[in-house]
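This is what each chain is made of:
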Amino acid sequence: MQAKIPATVVTGFLGAGKTTLIRHMLENAGGKRIALIINEFGDLGVDGDILKGCGIETCSEEDVMELSNGCICCTVAEDFIPTLQKLLDRERAPDHIVIETSGLALPQPLVRAFNWPEISTRVTVDGVVTVVDGKAVTEGRFAHDVAAVDAQRKLDENLDHETPLSELFEDQMACADMIVINKSDLLTEDERAALTARLRKDSRNGVQVVTATMGALPIEVLLGQGIGAEADMEARHELHHHHHDHDEDDHHDDEDDDHDHDHDHGHDAFESFVVTRPEIGDPVSFARQVTEVIRAHDILRLKGFAAVTGKPMRLTIQAVGPRVDSYFDQPYGAGPRQTRLVVIGQAGLDRAAITAALLA
């Protein structure tokens, strides 16, 4: 049976930096074929034009599809599902699909749509990434320019009621598998730590909170979460189930606001290193050990292979946050039988302590 194609949903308020994050991801895709679905309004097409014109191999004209019939969470049946089916029906399907919602769209109805029979056997939600404007949230706002959000709402004739920004923000937090505090270069070290702690406390167990500048996240951190979010809707409860607000567009804010500060690609904010150890005796107890190390040291990803005493097959280990998956994949070749693990996290990992804990 063919594996489901993973899809990542990127959500967040106006000006948080969703488009910049996606563009950085495309520029550092490492040959991965990524298709984009962009939620546009009217004929503005700002995000689509930015991403189509970026001159990146993984960003060809056919790989960027725009929805222009209104808020993505309210046009699932007539707009989103058919667009997704077109992508899936291509002769050469993408390796990964990334969906950027508009600024005030809610992620829950979109994630729920992945359970529709037309697509449920072919695609799965790898994870929901919520991008927040770290500076604005620290200052008690949810967007860089709240007045602009209200102005857009007033201009939108489709609005049938108002929903407080605080409720929309909570819904985006409730659905997130990863929260990206963007524009972290505009915060002090204490502000970054306080906001990270607050968002981690207010989110579900296992949700990863990372900081970024200019949306610069390593692709192995952003993609490959393997969550299957559509099967976990009960934990992602939204505050309201009614017809949601539409916002016309957040893309002028997204782009202009993100260019107010330095174009530091920010990869020095993350680090990775390799731990090599001898064979392990018991895969189950080793998985528990790995889980404890990840929790103790706030590791984002851990992946690699282990040699298990008495087993001819190699054990593959993949961990996203506290969730550890392992399976035997292939026989060991002629090389040495050893365990080799790649540890990925934000800068400042205690390499010595992590290495000692994994060797224990």
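Please read all numbers here as calculations on a predicted model, not as lab measurements.

Parameters and conventions
- Residues numbered from 1 in each chain as written.
- Predicted model: local features only at pLDDT ≥ 70, side-chain atom pairs only at ≥ 80, totals over all residues.
- Heavy atoms only, no water.
- pLDDT = per-residue confidence, 0-100.
- Contact = heavy atoms within 4.5 Å.
- Axes fitted to C-alpha atoms, helices over the stretch in contact; angles between N-to-C directions.
- Helix = DSSP H or I, 4+ residues; strand = E, 2+ residues; numbered from the N terminus.
- Parallel < 35°, antiparallel > 145°, perpendicular 65-115°, else oblique.
- Left-handed = near helix turned anticlockwise from the far one by under 90°.
- Nonpolar A, V, L, I, M, F, W, Y, C, P; charged D, E, K, R; others polar.
- Phe/Tyr/Trp six-rings, centres within 6.5 Å; stacked < 30°, edge-to-face > 60°.
- Buried < 20%, exposed > 50% of the residue type's maximum accessible area, 1.4 Å probe, protein only.
- Lys NZ or Arg CZ within 6 Å of the ring centre and 35° of its normal.
- Pairing = 2+ DSSP bridges.
- Salt bridge = Lys/Arg side-chain N within 4 Å of Asp/Glu carboxyl O.

K.L.:
Lay out the confidence of the model for the chain in plain terms, naming residues and giving numbers.
P.N.:
Here the chain averages 79 in pLDDT, and 75% of its residues register 70 or above. Below pLDDT 50 for its whole length, residues 157-161 participates in eight contacts with residues either more than four positions away or in separate chains. A low-confidence stretch, residues 241-267 (pLDDT under 50), is modelled with 96 contacts involving residues beyond four sequence positions or located in other chains.

K.L.:
Let's hear about the packing of helix α11 (residues 283-297) against helix α12 (residues 351-359): which residues, and what values?
P.N.:
α12 packs onto α11 with a crossing angle of 165° between their chain directions and a minimal axis gap of 9 Å. Classified by the interaxial angle, the pair formed by α11 and α12 is roughly antiparallel. The handedness of the crossing between α11 and α12 is right-handed. Mapping the contact onto sequence places Phe286, Gln289, Val290, Val293 and His297 in α11 and Ala353, Ile354, Ala357, Leu358 and Leu359 in α12. When grouped by side-chain class, the residues that make up the contact of α11 with α12 number eight nonpolar, two polar and no charged.

K.L.:
Let's hear about the packing of aromatic side chains: which residues, and what values?
P.N.:
What the rule picks out here adds up to one aromatic pair. Measuring from centroid to centroid gives 6.3 Å for Phe13 and Phe169, while their planes differ by 25°, and the two rings are stacked. Linking Phe13 in the loop between β1 (5-12) and α1 (18-27) with Phe169 in helix α7 (residues 165-175), this pair joins segments that are 156 residues apart in sequence. Using a relative accessible area of 7% as the deciding quantity, one classes Phe169 as buried. Over the ring of Phe305 we find Arg314; its NZ or CZ atom is 3.5 Å from the centre of that ring.

K.L.:
If you had to explain the pairing of strand β4 (residues 96-100) to someone new, which residues and values would you point to?
P.N.:
Here β4 lies mainly inside the structure; five of its five residues are buried. Pairing geometry for strand β2 (residues 34-39) and β4, over five bridges, is parallel. Bridge pairing links Leu36 to Val98 in β4.

K.L.:
Mind laying out the sheet that holds strand β10 (residues 313-320), listing which residues take part and the relevant values?
P.N.:
Pairing is antiparallel in the open sheet, where five strands are placed in the order β8-β12-β9-β10-β11. Each of the sheet's edge strands pairs with one partner strand only, and the pair in question is β8 (270-277) and β11 (323-331). Here the strands of the sheet are splayed against their neighbours by 15° on average, with no regard to which way each runs. Pairing between β10 and β11: eight bridges, direction antiparallel. Residue Ile317 lies in a different strand from β11, and its bridge partner there is Ser326. Each of β8, β9 (301-307), β10, β11 and β12 (339-346) is contacted by α11, which is oriented at about 135° to β11, the strand it contacts most.

K.L.:
Any chance you could break down the pattern of salt bridges for me, citing the residues and the numbers?
P.N.:
Within the structure shown, the criterion is met by 13 salt bridges. In this structure, Asp133 and Lys183 form a salt bridge, with 2.9 Å as the shortest nitrogen-oxygen distance. Residue Asp133 is found in strand β5 (residues 123-133), and its partner Lys183 is found in the loop between β6 (178-182) and α8 (189-202); the two are separated by 50 residues along the sequence. The pair formed by Asp133 and Lys183 is uniform in burial state, with each residue classed as buried. Here Arg236 ties to Asp177 by a salt bridge, and the two come within 2.7 Å at their closest N and O atoms. Pair noted here: Arg236 is in the loop between α9 (219-222) and α10 (251-258) and Asp177 is in the loop between α7 and β6, with a separation of 59 residues, a long-range link.

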